Amino acid sequence: MITKFTENSFDYYRSETDEKPVAHIGFSLLDNSQTYLVEHTWVDESVRGTGLAGKITKDFLARLDKSSKKVIPICPYTKKFFENHFEYQYLLKDEN
């Protein structure tokens, strides 16, 4: 997979020539770009059920971890991901 990280999305493409991603995480930046508000996760129908949503989420979080950024998940998939993967809890933005 080819990844592309922009100011408001993280995308997976099958190849460099593809125009449409096969998986996508959309977000907004808060706190002077220190916090990612994850708004939605999408996976193309052709690859649903293959674990790609989990893979793109893990890759996205690994990228944030390297930069010491935090996450506020409002996307239902991402919320559930954090509930099921306690090892990533430290990336959640403390909302106190």
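The structure displayed is predicted, hence computed values, not measured ones.

About the criteria used
Residues numbered from 1 in each chain as written. Predicted model: local features only at pLDDT ≥ 70, side-chain atom pairs only at ≥ 80, totals over all residues. Heavy atoms only, no water. Helix = DSSP H or I, 4+ residues; strand = E, 2+ residues; numbered from the N terminus. Rg over C-alpha atoms; globule rule 2.2 N^0.38 Å. Buried < 20%, exposed > 50% of the residue type's maximum accessible area, 1.4 Å probe, protein only. Areas by Shrake-Rupley, 256 points an atom, 1.4 Å probe, with all protein chains shown as cover. Lys, Arg positive; Asp, Glu negative; His and termini not counted. Charge placed at Lys NZ, Arg CZ, Asp CG, Glu CD. Arc of directions from axis to C-beta. Contact = heavy atoms within 4.5 Å. Core = buried A, V, L, I, M, F, W, Y, C linked by side-chain atoms within 4.5 Å. Phe/Tyr/Trp six-rings, centres within 6.5 Å; stacked < 30°, edge-to-face > 60°. Lys NZ or Arg CZ within 6 Å of the ring centre and 35° of its normal. Pairing = 2+ DSSP bridges. Axes fitted to C-alpha atoms, helices over the stretch in contact; angles between N-to-C directions.

(A) Representation of the overall build of the protein chain in the model. In terms of regular secondary structure, the protein chain is built from two helices and five strands. From first element to last, N terminus to C terminus, the protein chain shows the α and β order β-β-β-β-α-β-α. Compactness check: the protein chain gives a C-alpha radius of gyration of 13 Å against a globular reference of 12 Å for 96 residues, within 12% of the reference. Counting only C-alpha atoms, the protein chain reaches 40 × 30 × 20 Å along its principal axes. Of all 96 residues assigned to the protein chain, the portion counted as buried reaches 40%. In the form shown here, the protein chain has an accessible surface area of approximately 5,900 Å², with 47% of it arising from carbon and sulfur atoms. The averaged location of the 15 negative side-chain charges in the protein chain is 3 Å from the averaged location of its 13 positive side-chain charges.

(B) Region of interest: helix H2 (residues 76–84). Listing the buried residues of H2 in full gives Thr78, Phe81 and Phe82. Projected down its long axis, H2 shows its buried positions confined to an angular sector of 95°, all on one face. The outward face of H2, more than 90 degrees from its buried face, is lined by the exposed residues Pro76 and Asn84. Taken together, the buried residues of H2 touch strand E4 (35–43), helix H1 (52–66) and strand E5 (70–73).

(C) Highlighting the nonpolar core. Counting 22 residues, the largest nonpolar core has Phe10, Tyr12, Ile25, Leu52, Phe60 and Leu61 as its most contacted members. Residue contributions to this core peak at six residues, all from H1.

(D) Here's a closer look at the packing of aromatic side chains. By the definition in use, this model includes twelve aromatic pairs. Of note, Arg63 hangs over the ring of Phe5, and the distance from its end group to the ring centre comes to 4.1 Å.

(E) How the structure looks around the sheet that holds strand E1 (residues 2–5). Spatially, five strands are ordered E1-E2-E3-E4-E5 in an open sheet, and the strand pairing comes out mixed. In this open sheet, the two edge strands, each paired with only one partner strand, are E1 and E5. Averaged over all adjacent pairs, the angle separating strand axes in this sheet is 25°, with direction ignored. One ladder, built from four bridges, connects strand E2 (residues 9–13) with strand E3 (residues 23–30); its direction is antiparallel. Bridged to Asp11 within E3 is His24. Each of E1, E2, E3, E4 and E5 touches H1; the most contacted strand, E2, lies at about 130° to it. Relative to the sheet, H2 contacts E4 and E5, its axis offset from that of E5 by approximately 120°.

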